[in-house]
Amino acid sequence: MIGPKGLIKKQEFVRIIIQSMHALGYRKSAVCLEAESGISCKSVDFESLESHILNANWDDCIGALNKLKGLSDETRASALFIVLKQFLLECLSRGEDALALEVLRKQVAGLRMGKEKVHNLAVGLLFLKELGSNKIDNGIIQEFRKRMIIDLENVLPPPITLPERRLEHLVEMAVSAQVDNCTYHTSDAITLYEDHHCGRDHFPRETVQVD
C-alpha cells in the first residue's frame, strides 16, 4: 500500500499510470515502466483472451470467457456475443456457411440476447454474404479482431479491464471535490501542483452594480 494514509494499492496505481501513458501516446515509456515494475496494463485474463482472438482460437476464447469469475450473466452473454459475431464473420469469409448457420442457431441464440439482436446479426451477415464476404483478406480480418478486442475492453469489468482514461477521471474527481469544498471559491485558476483554496480576500465585499 502507498500514499500518506496507505489507501492506495501500488499495483493498481502503477497499472493506471501505464494505461494513462499509453493513452497520451508515450508508448515506449509505458513499455519501459511495465518492464521495470513487472506490472502489466492488461490483466493476465485479458492478455489470454487477446492472444486467443488474434490467433483465432475461438473455442479457447469462449472457454476462457466462460471461466472468468465475477461476471454477471448479462456481461458474460454480451462478451460471448461479441466473440461469436466475429467468429461468424470469419466462417462466412472462408465459405463455411453451414458452420456459421449452426453457430447462429445454437450458440448465439442460446445467449438469450433478444430475438431482435439475433435477427439483426443474421441480416447483417446475409448482407455481407451478398456483398461477397469471402473476398475479405487477412489484413482486414486482423483489423476486425483488433476492434473486437476494444469492444471486449468496454464490456468486461475491472480488474479484468480498466475503465478508459481512469487516471484522468480520478484526478478530475479530486479537483472537482476541492472546488466544491472551497468556501470562498471565485477563481478558475486551478492547478495540480497544490490543493485548490480561495482565501477570504478573493471573495467580493463591495457592491459594483445594482439592478
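Small disclaimer: the values here were computed from a predicted structure and weren't measured.

## Focus on the overall build of the protein
Across its full length, the protein holds nine helices and zero strands. In sequence order, the protein lays out its α and β elements as α-α-α-α-α-α-α-α-α. Sequence-distant contacts, at least 24 apart, represent 54% of the contacts inside the protein between residues at least 6 apart. Here the protein displays about 14,600 Å² of accessible surface, and carbon together with sulfur accounts for 53% of that area.

## Let's talk about the packing of aromatic side chains
Tallying each qualifying case throughout the model produces one aromatic pair. Ring plane angle 45° and centroid distance 6.2 Å describe the contact between W58 and F87, whose orientation is recorded as tilted. Note that W58 is positioned in helix α4 (residues 58-67) and F87 in helix α5 (residues 73-93), a separation of 29 residues in sequence. Residues W58 and F87 agree in their burial class; the two are buried.

## Concerning the confidence of the model for the protein
Mean pLDDT over the protein works out to 84, with 82% of the residues at or above the 70 mark. Averaged pLDDT values over the elements of the protein bottom out at 66 in helix α7 (residues 115-131) and peak at 96 in helix α2 (residues 27-37).

## Re the environment of S40
Positionally, S40 belongs in the loop between α2 and α3 (44-54). Here S40 falls in the partly exposed class, since its relative accessible area comes to 24%. Taking the C-alpha atoms as reference, S40 lies 9.2 Å from Q11; in sequence the two are 29 residues apart. Apart from residues lying up to four places away in sequence, S40 is in contact with R15, E34 and E47.

## Section: the nonpolar core
Core analysis: the largest hydrophobic core is formed by 31 residues, its most contacted members being L65, V83, V108, L152 and L156. Of all the elements in the fold, those that place two or more residues in this core are α3, α4, α5, α6 (97-108) and α8 (138-155). For this core, the leading source of residues is α5, giving 11 residues. Beyond its immediate stretch of four places on either side in the chain, L152 contacts F46, I53, A79, I82 and V83. With eight residues, the next largest nonpolar core counts I16, A30, I39 and L162 among its residues.

## Side note on the packing of helix α1 (residues 10-23) against α2
The N-to-C vectors of α1 and α2 enclose an angle of 160°; their axes lie 8 Å apart at closest approach. Taken together, α1 and α2 sit at an angle that is classed as roughly antiparallel. Crossing of α1 over α2 shows left-handed handedness. Two secondary-structure elements touch here, α1 through V14, I17, I18, M21 and H22 and α2 through R27, S29, A30, L33, E34 and S37.

## Side note on a nonpolar patch on the surface
On the surface, a nonpolar cluster with roughly 290 Å² of combined accessible area is contributed by L7, I8 and F13. Residue placement: I8 occurs in the segment before α1.

## Quick notes on the pattern of salt bridges
Taken as a whole, this structure holds four salt bridges when the rule is applied. Taking the shortest distance from any N to any O, the salt bridge between K42 and E50 comes out at 2.7 Å. Judged by relative accessible area, which is 28%, K42 ranks as partly exposed. Since its relative accessible area comes to 18%, E50 is described here as buried. A salt bridge links R145 to E90, with the shortest nitrogen-to-oxygen separation between them at 2.7 Å. Here R145, found in helix α8, pairs with E90, found in helix α5; they are 55 residues apart in sequence, far enough to count as distant. On the accessibility criterion, E90 (2% relative accessible area) is buried.

Rules behind the numbers
- Residues numbered from 1 in each chain as written.
- Predicted model: local features only at pLDDT ≥ 70, side-chain atom pairs only at ≥ 80, totals over all residues.
- Heavy atoms only, no water.
- Helix = DSSP H or I, 4+ residues; strand = E, 2+ residues; numbered from the N terminus.
- Contact = heavy atoms within 4.5 Å.
- Areas by Shrake-Rupley, 256 points an atom, 1.4 Å probe, with all protein chains shown as cover.
- Phe/Tyr/Trp six-rings, centres within 6.5 Å; stacked < 30°, edge-to-face > 60°.
- Buried < 20%, exposed > 50% of the residue type's maximum accessible area, 1.4 Å probe, protein only.
- pLDDT = per-residue confidence, 0-100.
- Core = buried A, V, L, I, M, F, W, Y, C linked by side-chain atoms within 4.5 Å.
- Axes fitted to C-alpha atoms, helices over the stretch in contact; angles between N-to-C directions.
- Parallel < 35°, antiparallel > 145°, perpendicular 65-115°, else oblique.
- Left-handed = near helix turned anticlockwise from the far one by under 90°.
- Patch = residues over 30% accessible without salt bridge, like charges linked within 9 Å, V, L, I, M, F, W, Y side chains within 5 Å.
- Salt bridge = Lys/Arg side-chain N within 4 Å of Asp/Glu carboxyl O.

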